[in-house]
Amino acid sequence: MSLAVKAVGIRKSFGSHEVLKGLDLEVAYGEVLCILGPSGSGKSTFLRCINHLETPNGGYVWVDGAIMGYELNRGALQELPVKRLRAQQSQLGMVFQHFNLFAHRTVLGNVIEGPMVVRGLSRDEAEARAMGLLEQVGMAAKASAYPSQLSGGQKQRVAIARALAMEPRVMLFDEPTSALDPELVGEVLEVMRNLARGGTTMIVVTHEIGFAREVADRVVVMIDGEIREMGAPQQVLSDPGDPRVRSFLSRVLA
Amino acid sequence: MPHLPHHSPAALPLIDLPGPDVTVRRLRHPGRWISGGIVLLLLAIIVRAFAVGQIQWTVVGQFLTAGVIVTGFGWTLLISACALALGVALGFAFGIMRLSENPILRFAAWLYVWIFRGTPVLLQLLIWFNIALVFPRLYIPGLVDERMVDVVTPFVAAVLGLGVNEGSYLTEVVRGGIGSVDRGQKEAAHTLGMTPGQTMRRIILPQTVRLILPVLGNSAIGMLKFSSLAATIAMGEMLNAAQRIYFINGAVIELLFVCAVWYLAGTTVLSIGQYYLERHFGRDAATATSDRRGFWAWARRPAARGEA
């Protein structure tokens, strides 16, 4: 299995508050990794460090042969110009908790935006591919709707299609179902399950223990900015060695 | 336990309850009729006062379509349009600079707003008009070499004075508009690989325009009226034309009323245009033009903000 993502010693502070205390992580191609942990444990910040939405204060992230935001130059990390950073970021598909669909664009407009503007595809080509992706997430019928006319679950499925349209190496999900009404969670998890079955490399920050148990190849539990437990879901979720992980899991599984 | 009287007015025995088809009588509002009547009466008094006052309405009608007045109104429209275009351009340029990562650009934009929002627009017009006293020649190597009085005509001074002043207000409007576009929009654009320029042009600014459209509409209406200040710098727009006529024929109030009619016509057309523009852009959640029942419903809406 070849490596897709390797995070090395990621540290991040907001002011004097240290959110991430030196995290290491490796994700292989085709792997589905779920990051669990209590709120405030830094799991979203960690995900945002991986695609450089937050710049780590220490450490770096290697994605598919390049270091995010830097290039190695005479033994030091030289910061990249913003255009090259963006090109790297487009290799990582991001799905946000609050969808962040472009409010002034239709569903189709949201999905073709990246391929047209960043990849330089023609409108026809971008639309044809976008319709295929919308089909895949079950949103083709709503292609000409605006985000404000959609339910949360529909928005999130469009957001997934938008991220997939860039043909990313890895998909990142930042609590994709946390802002949804309970009855809408299922449709989004179903789309993610299908992606996982199709072999997409995924890093998923989530509270959905059931999804993690069923779909993840590996599970990471973060507490207070550290990885406290890592391994196969059966092992981590049913028999965690770390007492704080055990207490977190007993609270969410109760 | 408090003692409840047996025959309190609230006590309605179940047996007396009416059927489901019981008639409902609405509460009457005699106060509304009275206050409405008073206001109508006052309006009638005002209208009558003007009707019997010393105004020669035939003169008003006569000059309403006089060539000089219509030409003057043409200039009024041209000055307003040019100044508004300049103001919007400056507003976006400096509004974006206000949010720059570069502190020097931020400072320059702040300075612009501080100076031009902090001085009266009439004063600014007079300074632009007399700018030749400071710079007798406009000399840009290889491009321009002219006497300043030939470059800064009253028209140019009016457009510069009104436009630069408006730009200082719109700078703050644009800055606020950009600031109120959700941060997530920018993050989503970044994760798709869009550069800061692409993100600004394609994601942030279109949503900003929708947010600030009502303000821009008010700016246009305000500009039409503020253009009358150009009368003081010998610009032959409508008010100036009217003044030149009444200096000769003495029909002061008549000609001022002619101007009032034209200004009202102009602002009314702009208001209608603003309504349709907002409705057109209001098709997504970025703007809240919720009321789509029609122009008249909008025209009678409660005033939400002080319109210039």
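Treat the numbers as computed from the prediction; the structure is a model and nothing was measured.

**Quick word on the sheet that holds strand β1 (residues 3-14) of chain A**
Residues and elements named next belong to chain A. In spatial order, the strands read β2-β1-β4-β5; together these 4 strands make up an open sheet with antiparallel pairing. The sheet is open, and its two edges are formed by β2 (17-28) and β5 (66-67), each paired on a single side. For strand β4 (residues 58-63) and β5, the ladder comprises 2 bridges, and the chain directions are antiparallel. Across the sheet, Val63 pairs through a bridge with Ala66, a residue of β5.

**Overview of empty space enclosed by the protein**
Counted under the stated rule, the structure contains 1 cavity of 30 Å³ or more. When its volume is computed, the largest cavity comes out at roughly 40 Å³. In this structure, the largest cavity is lined by Leu92, Gly93, Met94, Phe96, Ala159, Arg162 and Ala163 of chain A together with Ala188, Thr191 and Leu192 of chain B. Counting residues per element, the ones that place at least two in the lining of the largest cavity are β8 (92-95) and α5 (152-164) of chain A together with α8 (183-191) of chain B. Looking at the lining of the largest cavity residue by residue, the class counts come to 7 nonpolar, 2 polar and 1 charged.

**Quick word on the pattern of salt bridges**
Taken as a whole and assessed by the stated rule, the structure comprises 23 salt bridges over all chains. Between Arg48 of chain A and Glu187 of chain B there is a salt bridge; the shortest N-O distance is 2.6 Å. One end of the pair, Arg48 of chain A, is in helix α1 (residues 43-50); the other, Glu187 of chain B, is in helix α8, on a second chain. The exposure classification of Arg48 of chain A matches that of Glu187 of chain B, with both residues buried. The partner of Arg137 of chain B in a salt bridge is Asp145 of chain B, and the shortest N-O contact between them spans 3.2 Å.

**Remarks on the interface of chain A and chain B**
Listed per partner, the contact involves 25 residues of chain A and 23 residues of chain B. For the pairing of chain A and chain B, the buried interface totals around 2,200 Å² over both sides, and the portion due to carbon and sulfur atoms is 61%. If you sort the residues of chain A by the area they bury against chain B, Arg86, Phe102 and His104 of chain A come out on top, with a joint share of 28%. Summed over the shared surface of chain A and chain B, the result is 2 salt bridges. Salt-bridge contacts for Glu113 of chain A lead to Arg202 of chain B; the nearest nitrogen and oxygen are separated by 2.5 Å. Our enumeration of links across chain A and chain B arrives at 9 residue pairs in polar contact (both at pLDDT 80 or more). Of all the secondary structure elements, the ones that give two or more residues to the side of chain A that touches chain B are α2 (82-89), β8 and α3 (107-117) of chain A.

**A word on the pairing of strand β2 (residues 144-147) of chain B**
Residues and elements named next belong to chain B. For strand β1 (residues 137-140) and β2, the ladder comprises 4 bridges, and the chain directions are antiparallel. Bridging across to β2, Ile140 finds its partner in Val144. Where β1 hands over to β2, the hairpin turn is made up of 3 residues, of which Gly142 adopts a positive phi near 80°.

**A word on the pairing of β8 of chain A**
Successive side chains on a regular strand alternate, one facing one side of the sheet and the next facing the other. Residues and elements named next belong to chain A. Where burial is concerned, the two faces of β8 agree: the one with Leu92 and Met94 and the one with Gly93 and Val95 are both buried. Bridge analysis of β8 against strand β9 (residues 170-174) gives 4 bridges, and the strand direction is parallel. Each bridged residue has a counterpart across the sheet, and for Gly93 the counterpart in β9 is Met171.

**Quick notes on the environment of Gly58 of chain A**
Residues and elements named next belong to chain A. Tracing the chain through its elements places Gly58 in strand β4. Look at Gly58 and you get buried, because its relative accessible area is 15%. Along the backbone, Gly58 and Lys12 are 46 residues apart, and their C-alpha atoms lie at a distance of 6.8 Å. Here Gly58 is in contact with Gly9, Ile10 and Arg11, once residues within four sequence places are set aside.

**Quick word on the environment of Gly198 of chain A**
All names here are of chain A. Secondary-structure assignment places Gly198 in the loop between α6 (182-197) and β10 (201-205). Owing to a relative accessible area of 64%, Gly198 belongs among the exposed residues under this scheme. Taking C-alpha positions, Gly198 is 8.7 Å from Gly30, a pair spaced 168 residues apart along the chain.

**Some remarks on the layout of surface pockets**
In this structure, the largest pocket occupies an estimated 620 Å³ of space. In terms of lining residues, the largest pocket is bounded by 17 residues, among which Leu99, Glu101, Lys186, Pro196 and Met200 of chain B are the most central. Across the lining of the largest pocket, the residue classes tally to 8 nonpolar, 4 polar and 5 charged. The computed volume of the second largest pocket comes to approximately 400 Å³. As for the second largest pocket, its lining consists of 18 residues, and the residues nearest its centre are His52, Leu53, Leu85 and Arg86 of chain A together with His190 of chain B. Of all the secondary structure elements, the ones that give two or more residues to the lining of the second largest pocket are α2 of chain A together with α8 of chain B. The residue inventory of the lining of the second largest pocket, partitioned by class, reads 6 nonpolar, 5 polar and 7 charged.

**Describing α6 of chain A**
Residues and elements named next belong to chain A. In a regular helix each residue adds 1.5 Å, so 16 residues correspond to 22 Å; α6 covers 24 Å between its end C-alpha atoms and thus fits that length. Taken residue by residue, α6 has Leu184, Val185, Val188, Leu189, Val191, Met192, Arg193, Leu195 and Ala196 as its buried positions. Residues of α6 that are buried in the fold lie against β3 (32-36), α4 (123-136), α5, β9, β10 and α7 (209-215).

**Observations concerning the environment of Leu253 of chain A**
Residues and elements named next belong to chain A. As for its placement among the helices and strands, Leu253 is situated in helix α9 (residues 243-253). Separated by 44 residues in the primary sequence, Leu253 and Ile209 have C-alpha atoms spaced 7.7 Å apart. Excluding anything up to four places from it in sequence, Leu253 contacts Ile209, Arg213 and Leu237.

**Concerning the nonpolar core**
One finds Leu134, Ile160, Phe173, Met192 and Met202 of chain A to be the most contacted residues of the largest nonpolar core, which totals 53 residues. Among the elements that make up this core, the one with the highest residue count is α6 of chain A (8 residues). Excluding residues that lie within four positions of it along the chain, Met202 of chain A makes contacts with Glu31, Val32, Leu33, Met171, Phe173, Met192, Leu195 and Ala196 of chain A. Of all hydrophobic cores here, the second largest spans 46 residues; its members include Leu53 and Val63 of chain A together with Val181 and Ala188 of chain B.

**A look at unusual backbone geometry**
The phi angle at Glu167 of chain A is positive, at roughly 45°, despite the residue not being glycine. Its location among the elements puts Glu167 of chain A in the loop between α5 and β9. With a phi close to 60°, Ala234 of chain B is a non-glycine residue in the positive phi region. Mapped onto the elements of the fold, Ala234 of chain B is located in the loop between α9 (196-226) and α10 (238-249). Overall, the relative accessible area of 53% leaves Ala234 of chain B in the exposed class.

Conventions adopted
- Residues numbered from 1 in each chain as written.
- Chains lettered and ligands numbered in written order.
- Predicted model: local features only at pLDDT ≥ 70, side-chain atom pairs only at ≥ 80, totals over all residues.
- Heavy atoms only, no water.
- Pairing = 2+ DSSP bridges.
- Helix = DSSP H or I, 4+ residues; strand = E, 2+ residues; numbered from the N terminus.
- 1 Å grid on protein atoms, 1.4 Å probe; cavity = no way out; pocket = protein on both sides within 12 Å on 5 of 7 lines; lining within 4 Å.
- Points joined across faces, edges and corners; volume = space filled by probe spheres on them.
- Nonpolar A, V, L, I, M, F, W, Y, C, P; charged D, E, K, R; others polar.
- Salt bridge = Lys/Arg side-chain N within 4 Å of Asp/Glu carboxyl O.
- Buried < 20%, exposed > 50% of the residue type's maximum accessible area, 1.4 Å probe, protein only.
- Contact = heavy atoms within 4.5 Å.
- Buried area = accessible area lost by both parts, 1.4 Å probe.
- Polar contact = N/O pair within 3.5 Å; in protein donor to acceptor, adjacent residues only side chain to side chain.
- Expected span 1.5 Å × (residues − 1).
- Core = buried A, V, L, I, M, F, W, Y, C linked by side-chain atoms within 4.5 Å.

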